[in-house]
Amino acid sequence: MPSYTTETIPGEDAAHYKSNRQKRKQGSPKMQPPLTPMIDVTFQLLLFFLLTCQFRVAEGQIPGSLPAKGAPASVQQPDLKEIRISVRPGMDADTVGFFIDNEQAGTTEPRALYEQLIARQQRLGDPELIREKVPVMIEPVDVVPWEFVVEAFNQAVRAKFKHIGFASR
């Protein structure tokens, strides 16, 4: 059996011989997908997401502080009366009442809550010392939507209180 094959090229009368070794060297033709359209689509997707993405400022972090190293918490922080903000449901689902230390006159507006917190700082003495030492506890009463509890927290942060927490029933 011969170890070669013949190949005829159209338009020529002569036979061309191709050995098995030459056929093995050539191998089967590799199929390669067209890369240009794929790269174009990738860049278009990248550009689309970069142009439509909206970068927002982070909502913020809830600040927390640990006692100084080696000092017990009771020695470091004097026992001060906390300011308790009660968030109670209003007449309809879109309103709530903010009450500081269960006072009779509450407010439904977050801005008024901020003004009451500032007035409380002025009434208690040195506002800077009050901001640093007096804790603020936010107590949601009954079923209050979370957005109003967060609004009370934001107003306490806006009033520059350093120790803000959440009370549970």
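In what follows, the structure referred to is the one given above.
Residues numbered from 1 in each chain as written. Predicted model: local features only at pLDDT ≥ 70, side-chain atom pairs only at ≥ 80, totals over all residues. Heavy atoms only, no water.

Draft legend 1. Looking closely at the overall build of the protein chain. Helix and strand counts for the protein chain stand at 6 helices and 6 strands. Reading the helices (α) and strands (β) of the protein chain from amino to carboxyl end gives β-β-α-α-α-β-β-α-α-β-α-β. Classification of the 169 residues of the protein chain by burial places 21% in the buried group. When contacts within the protein chain are restricted to residue pairs at least 6 apart in sequence, those whose partners lie at least 24 apart make up 54%. (Helix = DSSP H or I, 4+ residues; strand = E, 2+ residues; numbered from the N terminus. Buried < 20%, exposed > 50% of the residue type's maximum accessible area, 1.4 Å probe, protein only. Contact = heavy atoms within 4.5 Å.)

Draft legend 2. Quick peek at the sheet that holds strand β6 (residues 164-166). The 4 strands lie next to each other as β4-β3-β5-β6, forming an open sheet whose pairing is mixed. Whereas interior strands pair on both sides, the edge strands pair on one side only; in this sheet they are β4 (96-100) and β6. Geometrically, the sheet is characterised by an average inter-axis angle of 20° between neighbouring strands, direction not taken into account. Its contacts with the sheet place helix α4 (residues 110-124) against β3 (83-89) and β4, and it is angled at close to 0° to β4. Across the sheet, helix α6 (residues 146-158) touches β3, β4, β5 (136-140) and β6, and the angle it forms with β6 is around 160°. (Pairing = 2+ DSSP bridges. Axes fitted to C-alpha atoms, helices over the stretch in contact; angles between N-to-C directions.)

Draft legend 3. Representation of the nonpolar core in the model. One finds Ile85, Val87, Leu117 and Phe161 to be the most contacted residues of the largest nonpolar core, which totals 21 residues. Of all elements in the fold, only β3, β4, α4, β5 and α6 reach the threshold of two or more residues within this core. Among the elements that take part in this core, α6 stands out by supplying 5 residues, more than any other. Filtering out sequence-adjacent residues up to four positions away, Ile85 remains in contact with Phe99, Ile100, Leu113, Leu117, Val136, Met137, Ile138, Glu139 and Ala152. (Core = buried A, V, L, I, M, F, W, Y, C linked by side-chain atoms within 4.5 Å.)

Draft legend 4. Expanded view of the pattern of salt bridges. A complete count under the given rule lists 5 salt bridges for this structure. Glu139 serves as the salt-bridge partner of Arg84, at 3.5 Å between the closest nitrogen and oxygen. Taken together, the residues Arg84 in strand β3 and Glu139 in strand β5 connect sequence positions 55 residues apart. One salt bridge in this structure joins Glu128 and Arg131, with 3.3 Å as the shortest N-O distance. You can see Glu128 and its partner Arg131 sitting in helix α5 (residues 127-133), 3 residues apart, about one turn around the helix. (Salt bridge = Lys/Arg side-chain N within 4 Å of Asp/Glu carboxyl O.)

Draft legend 5. Highlighting the side chain of Arg131. By relative accessible area, Arg131 is classed as buried at 17%. At 3.1 Å, the side chain of Arg131 and the side chain of Gln121 are in polar contact. At 3.3 Å, the side chain of Arg131 forms a polar contact with the side chain of Glu128. Those residues in contact with Arg131, other than ones at most four positions away along the chain, are Gln121, Ala159, Lys160, Phe161 and Lys162. (Polar contact = N/O pair within 3.5 Å; in protein donor to acceptor, adjacent residues only side chain to side chain.)

Draft legend 6. Structural detail: the packing of aromatic side chains. For the structure on display, the rule yields 3 aromatic pairs. Summarising the aromatic geometry, the rings of Trp146 and Phe166 are spaced 5.9 Å apart at their centres and angled 35° between planes, so their arrangement reads as tilted. Here Trp146 is found in helix α6, whereas its partner Phe166 is found in strand β6, with 20 residues between them in sequence. The class for Phe166 is partly exposed, based on a relative accessible area of 35%. One Lys or Arg, Arg88, reaches over the ring of Phe99 and ends 4.3 Å from the middle of that ring. Across from the ring centre of Tyr114, 3.9 Å away, lies the NZ or CZ of Arg158, which sits over that ring. (Phe/Tyr/Trp six-rings, centres within 6.5 Å; stacked < 30°, edge-to-face > 60°. Lys NZ or Arg CZ within 6 Å of the ring centre and 35° of its normal.)

Draft legend 7. Representation of a nonpolar patch on the surface in the model. Taken together, the side chains of Leu35, Met38, Ile39, Phe43, Leu46 and Leu50 present a nonpolar region at the surface, about 600 Å² in accessible area. Structurally, the position occupied by Leu46 is in helix α2 (residues 35-52). (Patch = residues over 30% accessible without salt bridge, like charges linked within 9 Å, V, L, I, M, F, W, Y side chains within 5 Å. Areas by Shrake-Rupley, 256 points an atom, 1.4 Å probe, with all protein chains shown as cover.)

Draft legend 8. Quick peek at α6. The end-to-end C-alpha distance of α6, which contains 13 residues, comes to 18 Å, matching closely the 18 Å that a straight helix rising 1.5 Å per residue would cover. Looking at α6, one finds that the buried residues are Phe148, Val149, Ala152, Phe153, Gln155 and Ala156. Along the axis of α6, the buried positions cluster into a sector of 160°, meaning they face one direction only. Along α6, the residues that are exposed and aim more than 90 degrees away from the buried face are Trp146 and Glu147. Packing partners of the buried residues in α6 comprise β3, β4, α4, β5 and β6. (Expected span 1.5 Å × (residues − 1). Arc of directions from axis to C-beta.)

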